[in-house]
Each structure stands twice: as C-alpha cells, then as structure tokens.
Amino acid sequence: MKILEIKQNASLQGLNSLALPAYAEYFCSVTDISQIQQALAFAADKDLPITPMGGGSNMVIAGDIQGLVLHLDLKGISSKPVADNQVEVTFAAGENWHEMVQYCLQNGWYGLENLSLIPGNMGAAPIQNIGAYGVELCDLFVSLQAVEISTGELIELDNKQCDFGYRDSIFKQAFKDRFLITHVCLRLSTQPMAQIQYPALADAVGDRTPTPELISETVCRIRQQKLPDPGTLPNAGSFFKNPLVTESGLDRLESNGSQSPRYPQADGTYKIPAAWLIDQCGFRGQRRGEVGVHEHQALVLVNYGGTGAQLLALASEIQDAVSAKFGVALEIEPRLYGV
Ligand code: EPU
C-alpha cells in the first residue's frame, strides 16, 4: 500500500487553469483506490469536508478552501472489443482528456475526434457532460466507477443512471458532492466515422474527405484560433452556459432590432449563444484590472494575474448588462469554490 502524503496550507494556484491564487487547508494527490480510502479516513477522523479536484480546468477558486482537497491522479487504460466493430475503453480518472483522444485515434478507436483539445481530466468529463462541435460525452459513455465519500464504497453507474443533460449530470444534481469518480468507460468504433453537422466544423472541413484525423486536426485548429491556451492565458473555457429562451423570450431579446443566432431545441425553446449576448453588450476584449474577456471569444473570461473575487465581479457586471439589454439570465458554467 502506497503511503499517502497530506500537505497543509497547500497552494492551488498551479493546479487550476484560471491560475487563481488560493490555498487548501489540507491537500493530497491520490493514485489508487486504497489511497482514496486513506484520504477519506483522514478526513473523517478530523471531520473535514472533501473537495475533489481533477485537472482544475472548470473551477473558479474565489478564496481558500477549508478541509481536504483531494486531487484524483489515478492513471491507466484498458480495452476490450465488443460486438459490431466497437471497443469499450476504460480510462482512470487522472488521465488527461486530450491525450486520451489522441491515444484512441492512434489505436484506431474512433468517436472522440470532435472533443479534441478540451482541457481537463477524464474523471471530470461526466460531471458536466463535456461537449463540443456536435458531440457530447453521453453519446459515447457506457459507465463509470466511483467511490462514495461517506462510506468509501465503490459503485458503478451506467449512462441512464448518470442522467446526462446539456453540461449537466446527476453529479451536479442529486449526487452533488457525494462521489469521487475513479474510472470512465466509453464505447468507441473501430470503423472511421464522421460527425460534421456543426456549422463551424462543416465550413472548416469544406469538401475534403472527413477522416477522423482531419476532424481532430480541424477541431484543434478552430479551438486554437478562438480559445486561449490556459498555459499562456489562464481561463476555464466557457464561463457561462448558453441560455435557453422561449418564443416570447426571443421576441423580447430581439425587441431592440438585433437578430440573434439561435438553435431550436426539441422542446420548442431556443439555445442562444451567450457569447453573442456578451459581445453585443460590448465586453469582448474588455479588461477590468487584472481580469478580462477574451478578444476572440466573448464567452471566455481570462485572468492576467487577478483574483477569484475580481473575476466574479466581472462575471456579475456581464450578467447585469445582458439581463438589462436582453432580459436573459446567464448562468455561470464552471463551479465556484471558496465563496
Ligand atoms: N459568437 C459571438 N461572439 C463571440 C463568439 C461567438 O457572437 O465572441 C456567436 C457566433 O454567432 C457563433 C456563436 O456565438 O456562431 C457560437 O459560437 P461557438 O461556435 O464558438 O460556440 P459557443 O456556443 O460559444 C459552445 C460551447 C464550447 C464548445 C463550442 C463548440 C457552451 C457553454 N460552450 O460554445 O464549450 O467548444 O460550443 O461546440 O456550450 C466549454 O464548455 O468550456 C466550451 C469551450
């Protein structure tokens, strides 16, 4: 059994993609299930709340985190062929998402190409059902394994039990803060396939044959043009969810004469790009001290060296402006900590 190292007063600045300065009262990195159990026992003994952490790319840490921050760093990949030219691949939670997309492509396991270059780790992917360019994790997801924080017991949940929605799952609802995801199993195809209905992707592919390799390269190129690399300019990807509005909400939104892009949903509502709403309010490229709005994607807030509180002040300024101009409430997409 590997001995667990638990640090006190550990800086989290290098571990969150927004590079926000904050400390964890206690911190440990766990690499297997026995270490998870040791960490849970330590926390139970001291009556500490647990904050799980993966790649740190969807966290807004606005202040110090009390209790134990538990960094899930389990590694490993296994695969088994299943019927109909498919393969089930199980990834440990600490594997980096984009490295796994590339690994699968190299092995001839297809389906993840549209999700290339999404930051973060495998274990966090189901929590918000990551999605991009017309594909969501739930389209490929088979099951996951998780440890229940209160009992230390391992459970398995299938696709239906995870109750996936747009940037949503049971882990943001009924199971919020109750489990640590340790492994994720996805079903991929051994036959090349192409999902290129998303307009920006279809345009960029043009009339070339959409091989999985071309799709992955194209998605990487589009993302690199619009989305800042967290290593160079700290950010957490989209800062707000794209809001859904009803027909009357759409009329109100357009009452000042502007015609917004909209994506009709099955339930009769429309998804409106939050980036467009923010852009219309003049925020793209704006800076407030050491935080700002990215110049190429109005949905991405960036940190030039500021704090979580400054970032949240900018987020509220944006929410107020969008609400006043369009009557639409923007919901913050990453999770807030230390508030
Ligand atoms: N737009 C603007 N101004 C901007 C950027 C975009 O007006 O500065 C408008 C354009 O009309 C554009 C539309 O917004 O056509 C949509 O923009 P884009 O295709 O870039 O997608 P998005 O809706 O802004 C979503 C996801 C991204 C994902 C892309 C591609 C959410 C919250 N965001 O962004 O996910 O990569 O689609 O599929 O659903 C993330 O979650 O962190 C993330 C980056």
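Residues numbered from 1 in each chain as written. Predicted model: local features only at pLDDT ≥ 70, side-chain atom pairs only at ≥ 80, totals over all residues. Heavy atoms only, no water.

According to the domain assignment, the chain contains domain 1 (6–72), domain 2 (77–225) and domain 3 (228–337). One C-alpha centre belongs to domain 1, the other to domain 2, and the line joining them spans 25 Å. Across the boundary between the two partners, domain 1 contributes twelve residues, which contact 13 residues of domain 2. Note on domain 1 versus domain 2: buried area summed over both sides is about 1000 Å², and carbon and sulfur give 72% of it. If you sort the residues of domain 1 by the area they bury against domain 2, I33, L40 and L72 come out on top, with a joint share of 42%. Counting across the interface, domain 1 meets domain 2 through zero salt bridges. For the interface between domain 1 and domain 2, the tally reads one residue pair in polar contact (both at pLDDT 80 or more). Counting only elements with at least two residues in the side of domain 1 that touches domain 2, the list comes to helix 1 (33–46), strand 3 (50–53) and strand 5 (65–72). The element best represented in the side of domain 1 that touches domain 2 is helix 1, accounting for four residues. In terms of residue class, the side of domain 1 that touches domain 2 is made up of seven nonpolar, five polar and no charged. (Domains from an automatic or database assignment. Contact = heavy atoms within 4.5 Å. Buried area = accessible area lost by both parts, 1.4 Å probe. Salt bridge = Lys/Arg side-chain N within 4 Å of Asp/Glu carboxyl O. Polar contact = N/O pair within 3.5 Å; in protein donor to acceptor, adjacent residues only side chain to side chain. Helix = DSSP H or I, 4+ residues; strand = E, 2+ residues; numbered from the N terminus. Nonpolar A, V, L, I, M, F, W, Y, C, P; charged D, E, K, R; others polar.)

So, on to the site of the ligand. Taken together, 21 residues sit near the ligand, with Y133, Y166, Y198, K226 and D279 positioned nearest. In this structure, an oxygen atom belonging to the ligand sits 2.8 Å away from a main-chain N or O atom of S238. The side chain of N242 places a nitrogen or oxygen atom 2.9 Å from an oxygen atom of the ligand. For the ligand, whose unbound accessible area comes to 820 Å², protein coverage reaches 83%. Listing elements by their share of the shell around the ligand, those giving two or more residues are helix 5 (212–226), strand 13 (235–238) and helix 7 (274–280). Considering every element that reaches the shell around the ligand, the biggest residue donor is helix 7, with three residues. Residue composition of the shell around the ligand, grouped by class: twelve nonpolar, four polar and five charged. (Near = heavy atom within 4 Å. Areas by Shrake-Rupley, 256 points an atom, 1.4 Å probe, with all protein chains shown as cover.)

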